[in-house]
Amino acid sequence: MCVSLSLCLVRWSRYNPYYLDPDPSKDARVPESELSPEEKELQELKTVSPIKAALSSDTSSAFNDPLISKFINMMMQDGNKILARGIMTQTLETIKRKQVEKYHKSPAAKREEIECNPYTVFHQALENCKPIIGLASVQKGGKSYQVPVPLTDNRRRFLAMKWLITECRDNKHRRTHMYEKLSQELLAAFANEGNVVKRKHDLHKMAEANRAYAHYRWW
Amino acid sequence: MNLHKLSSRLCPTVTQKFRHLQIQSRGQQLEAVGVETESTEQNPLSVFRTSEQDPTYHSERHTGQYYTLPAAHIQKLFPHGLPPRFQLQIKTFNEGCVMVRPPALELISYLKKADYSKPPLRYILYGDVGTGKTMCLSHALHYCYTQGWLIVHISDAHLWVKNCKELLPSSSRPSRFDQPIQASQWLKNFKITNERFLSKIKTTQQYVWTKRERTEKGQPLGELVDQGVNRMKSSSDVVGAVLRELRLQAGGATEGEGAFKLAVAVDGLNALWGKTSLKKEDRTMSGGAILTALSQTGSLFKPQSAYLPSELLGEEGFDNMEPFVPVSVSNYNEKEFESCYLYYLDRNWLQHSHSRSEEGKKELIFLSNKNPSILERLCAFL
């Protein structure tokens, strides 16, 4: 495998399976006394085994959120991370502005229910968009059937993010900015409304309808 | 800790509870406030707010504190002129709060002490990008407005000089170009700000706009302004006429009711001596003041690190503006930063749990270098 001279392509090479992921957070180091025996073993392993190179987008500050980083990577086009990150921060700002405006204009009784933190809104909205069960195409006897299939966590997260992004890119008015479209869609998903949640429900209904083919799955 | 100093200055009994209040969430904050019985302020958290709403009475003991701009004043005084992000902030927080800072206080004290029978003093607010020059200018303008001055406010001179959508060759002077849209927009805003003066001031000479339209001598200024708003083609000439009239009449102190003080505020002054030049500021004026702020952000062909008057104005501009009183605006000091941080906490703007902790605050200081605009942009998504 050739490595170019100017860039170190270590991250994209296939690491040996025993390489561990880097943990940049400040709380990674815990004193020995507070660990259970299994965790002590893990800690021992960390001192001995090699660790993968850290990404340049990971920070040790507590403001670093892996879910948001993943979403930014998915939104990125042609490697323009600066633009994707800018859109993400503008989206968070817009969500916060809308919620805080609502908060300040509402009477004291209703203020407790309004969620102003854009990060919790984002996390909750993503949760509401994640499908529980998916469909896979299985070929049997010359015909292919849509078979309901359990999904791994990574796949569910990926599907939720993908649906959000495609929904905002394709089905909205051409002249609105991406951050505006995203914030509207996220706020709707937070309230369990909107097109993405509808798509998830449609998938669930299809899976429910195709229940009979569940036995075609062999894995 | 600075918090300790701040709180102990105003309300000694609050010190122990203050840290406690700081870190907990909003619901628990309200409970703790209820427990506090012997507080000298109405609300112990308003260390960063002042109840003094009139800029005339702002003094050094108010530095670092926020005062609220009354909504009616915002509508009248600032139809244009406030920075766009600040306008967004007013809309979000449902109130407009401005921090009292030393450069603005300095400016207001000069305005109070100046002698108005002589030609006006010029003040230039200069400073690095995002340090608060336009906000200080707005603070001083609010003072002028409460004192009853007539305000001529050019919100951004760069708008008049570059990226013009429509250019017309001027009818009054052959080598000049006009921008009708900007001129009529400015006249509309001028009308909103200075309603009560428009009927009192009379024109001193006759103006001929076209073959059929003319404004006679002795007509109220309001008509002149309406003429400019309705007829786009001659609006730039109307602007020139309005400025000339105001200049001639500003010092008329002999007639008791006709006397008024004129404040000319220009933001982005360096645009006037840039590539395209508009009318120059003339010196034949008395009974008023000229307040200006430099702005690097819109200026053409100037490097980003240039912020001193000599660099941004250029030689021609410097000679024209001389002599002037320079007022320097810099980043927040620690007390002002504290105040800003507390204000955002109070308005429920800092939502991320880490930003409410001590370490988060240190990170904010590090990332923004206590620059007001960068801090604002950082806190927007945190």
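Residues numbered from 1 in each chain as written. Chains lettered and ligands numbered in written order. Predicted model: local features only at pLDDT ≥ 70, side-chain atom pairs only at ≥ 80, totals over all residues. Heavy atoms only, no water.

Per an unreviewed UniProt entry, chain B goes by Small ribosomal subunit protein mS29 and derives from Cyprinus carpio carpio. Per its UniProt entry, chain B bears the Sequence similarities (unreviewed entry) comment "Belongs to the mitochondrion-specific ribosomal protein mS29 family." In its Subcellular location (unreviewed entry) section, UniProt records this for chain B: "Mitochondrion". (UniProt positions renumbered as here; feature names shortened; annotations may be inferred.)

The name given to chain A in an unreviewed UniProt entry is Small ribosomal subunit protein uS7m, with Cyprinus carpio carpio as the source organism. A UniProt comment under Sequence similarities (unreviewed entry) is attached to chain A, and it reads "Belongs to the universal ribosomal protein uS7 family." Turning to chain A, the UniProt annotation filed under Subcellular location (unreviewed entry) states: "Mitochondrion".

Asks: What is the right way to read the overall build of chain A from this model?
Replies: The number of helices and strands found in chain A is seven helices and two strands. Based on the C-alpha atoms only, the size of chain A along its principal axes is roughly 60 × 55 × 45 Å. Going through the 219 residues of chain A one by one, you find that 33% of them count as buried. Counting only contacts in chain A whose residues sit at least 6 apart along the sequence, the fraction spanning at least 24 positions is 66%. Carbon and sulfur atoms provide 52% of the accessible area of chain A, an area that totals close to 14600 Å². (Helix = DSSP H or I, 4+ residues; strand = E, 2+ residues; numbered from the N terminus. Buried < 20%, exposed > 50% of the residue type's maximum accessible area, 1.4 Å probe, protein only. Contact = heavy atoms within 4.5 Å. Areas by Shrake-Rupley, 256 points an atom, 1.4 Å probe, with all protein chains shown as cover.)

Asks: What's the story with a negative patch on the surface in this structure? I'm lost.
Replies: On the surface, a cluster of negative charge is made up of Glu38(A), Glu39(A), Glu41(A) and Glu44(A). Its place among the elements puts Glu39(A) in helix 1 (residues 37-48). (Patch = residues over 30% accessible without salt bridge, like charges linked within 9 Å, V, L, I, M, F, W, Y side chains within 5 Å. Salt bridge = Lys/Arg side-chain N within 4 Å of Asp/Glu carboxyl O. Lys, Arg positive; Asp, Glu negative; His and termini not counted. Charge placed at Lys NZ, Arg CZ, Asp CG, Glu CD.)

Asks: Would you take a moment to explain the pattern of salt bridges for this structure?
Replies: Pairing between side chains becomes possible if they bear opposite charge and their charged atoms approach one another. Evaluation of the coordinates by the stated rule reveals 19 salt bridges over all chains. Glu101(A) is the partner of Lys91(B) in a salt bridge, and the nearest nitrogen-oxygen pair spans 3.7 Å. In this pair, Lys91(B) is assigned in helix 5 (residues 84-93) and Glu101(A) in helix 3 (residues 81-105), connecting two distinct chains. Since its relative accessible area comes to 18%, Glu101(A) is described here as buried.

Asks: Mind showing me how you'd approach the nonpolar core here?
Replies: Nonpolar side chains in soluble globular proteins tend to end up buried together. Judged by nonpolar contacts, the single largest core of 60 residues is most densely connected at Phe71(A), Met75(A), Met88(A), Tyr66(B), Tyr344(B) and Leu364(B). Of all hydrophobic cores here, the second largest spans 32 residues; its members include Leu69(B), Ile90(B), Leu107(B) and Ile108(B). (Core = buried A, V, L, I, M, F, W, Y, C linked by side-chain atoms within 4.5 Å.)

Asks: Teacher, can you tell me more about the packing of helix 3 of chain A against helix 6 (residues 178-190) of chain A here?
Replies: Between two packed helices, the angle of one axis relative to the other and the distance separating the axes together describe the packing. All names here are of chain A. The interhelical angle for the contact between helix 3 and helix 6, taken along N-to-C directions, is 55°, at an axis separation of 8 Å. Comparing their axes, helix 6 and helix 3 come out oblique. Helix 6 is crossed by helix 3, and the crossing has right-handed handedness. Counting all contacts with helix 3, which are made through Ile 87, Gln 90, Thr 91, Thr 94, Ile 95, Lys 98 and Gln 99, the residues of helix 6 involved are Met 178, Tyr 179, Glu 180, Leu 182, Ser 183, Gln 184, Leu 186 and Leu 187. A breakdown of the residues in the contact of helix 3 with helix 6 according to their chemical character gives seven nonpolar, six polar and two charged. (Axes fitted to C-alpha atoms, helices over the stretch in contact; angles between N-to-C directions. Parallel < 35°, antiparallel > 145°, perpendicular 65-115°, else oblique. Left-handed = near helix turned anticlockwise from the far one by under 90°. Nonpolar A, V, L, I, M, F, W, Y, C, P; charged D, E, K, R; others polar.)

Asks: Quick question: what am I supposed to make of the packing of aromatic side chains here?
Replies: Two measures describe an aromatic ring pair: the distance that separates the ring centres and the angle between the ring planes. All names here are of chain B. Following the criterion strictly, the structure yields 14 aromatic pairs over all chains and no others. Where Tyr 66 meets Tyr 343, the ring centres are 4.2 Å apart and the plane angle is 20°; that geometry is what we call stacked. Of this pair, Tyr 66 sits in strand 1 (residues 66-69) while Tyr 343 is found in helix 14 (residues 334-346), placing the two residues 277 residues apart along the sequence. Tyr 343 shares its class with Tyr 66; the two are buried. Centre to centre, the rings of Tyr 110 and Tyr 123 are 6.1 Å apart; their planes meet at 10°, and the pair counts as stacked. Of this pair, Tyr 110 sits in helix 6 (residues 102-113) while Tyr 123 sits in strand 3 (residues 121-127), placing them 13 residues apart in sequence. Using a relative accessible area of 32% as the deciding quantity, one classes Tyr 110 as partly exposed. On the basis of relative accessibility, which here comes to 2%, the residue Tyr 123 falls in the buried class. Feature note: the residues Tyr 66, Phe 93, Tyr 343, Tyr 344 and Trp 349 constitute an aromatic cluster, connected by ring pairs. (Phe/Tyr/Trp six-rings, centres within 6.5 Å; stacked < 30°, edge-to-face > 60°.)

Asks: I would appreciate a short explanation of the interface of chain A and chain B in the present structure.
Replies: With 20 residues of chain A at the contact, the number on the chain B side is 23 residues. A buried area of about 2100 Å², summed over both sides, lies between chain A and chain B, and 56% of it is on carbon and sulfur atoms. At the boundary of chain A with chain B, the tally comes to three salt bridges. Ionic pairing is found between Arg85(B) and Glu93(A), a salt bridge with its closest N-O pair at 2.9 Å. Where chain A touches chain B, the interface holds 10 residue pairs in polar contact (both at pLDDT 80 or more). Elements represented by at least two residues in the side of chain A that touches chain B include exactly helix 3 and helix 4 (118-129) of chain A. Broken down by class, the residue content of the side of chain A that touches chain B amounts to nine nonpolar, four polar and seven charged. (Buried area = accessible area lost by both parts, 1.4 Å probe. Polar contact = N/O pair within 3.5 Å; in protein donor to acceptor, adjacent residues only side chain to side chain.)

Asks: Teacher, can you tell me more about the state of the cysteines here?
Replies: By definition, a disulfide links the sulfur atoms of two cysteines through a covalent bond. In the structure shown here, the tally under the stated rule is zero disulfides over all chains. With no disulfide partner, Cys168(A) has as its closest neighbouring cysteine sulfur the one in Cys129(A), 9.8 Å distant. Free cysteine: Cys379(B), not disulfide-bonded; nearest cysteine sulfur from Cys340(B) at 6.6 Å. Exposure remark for Cys379(B): the relative accessible area of 1% places this residue in the buried category. (Disulfide = S-S within 2.5 Å.)

Asks: Looking at this structure, how should I read unusual backbone geometry?
Replies: All names here are of chain B. Of note, the phi angle at Asn 94 is positive, near 65°, even though the residue is not glycine. Relative to the helices and strands, Asn 94 is located in the loop between helix 5 and strand 2 (96-99). If you check the backbone angles, Lys 370 has positive phi at about 55° while not being a glycine. Along the chain, Lys 370 falls in the loop between helix 15 (358-368) and helix 16 (372-381).

Asks: Before we go on, may I ask you to explain the packing of helix 14 of chain B against helix 15 of chain B in this structure?
Replies: Residue and element names in this part refer to chain B. Relative orientation of the contacting elements helix 14 and helix 15 amounts to 120°, with a least axis distance of 12 Å. By the angle between their directions, the pair helix 14 and helix 15 is classed as oblique. In the crossing of helix 14 with helix 15, the sense of the turn from one axis to the other is right-handed. Two secondary-structure elements touch here, helix 14 through Phe 337, Glu 338 and Tyr 341 and helix 15 through Lys 361, Leu 364, Ile 365 and Ser 368. Class assignment of the residues belonging to the contact of helix 14 with helix 15 gives a composition of four nonpolar, one polar and two charged.

Asks: Help me understand helix 16 of chain B, please; the structure alone is not making it clear to me.
Replies: Think of an α-helix as turning once every 3.6 residues; residues three or four places apart then point the same way. Among all positions in helix 16 of chain B, only Pro372(B), Leu375(B), Glu376(B), Leu378(B), Cys379(B) and Ala380(B) are buried. As for helix 16 of chain B, its buried residues are in contact with helix 3 of chain A together with helix 5, helix 14 and helix 15 of chain B. Two or three places before Ser373(B), at the start of helix 16 of chain B, stands the capping residue Asn371(B), its side-chain oxygen 3.1 Å from that residue's backbone nitrogen.

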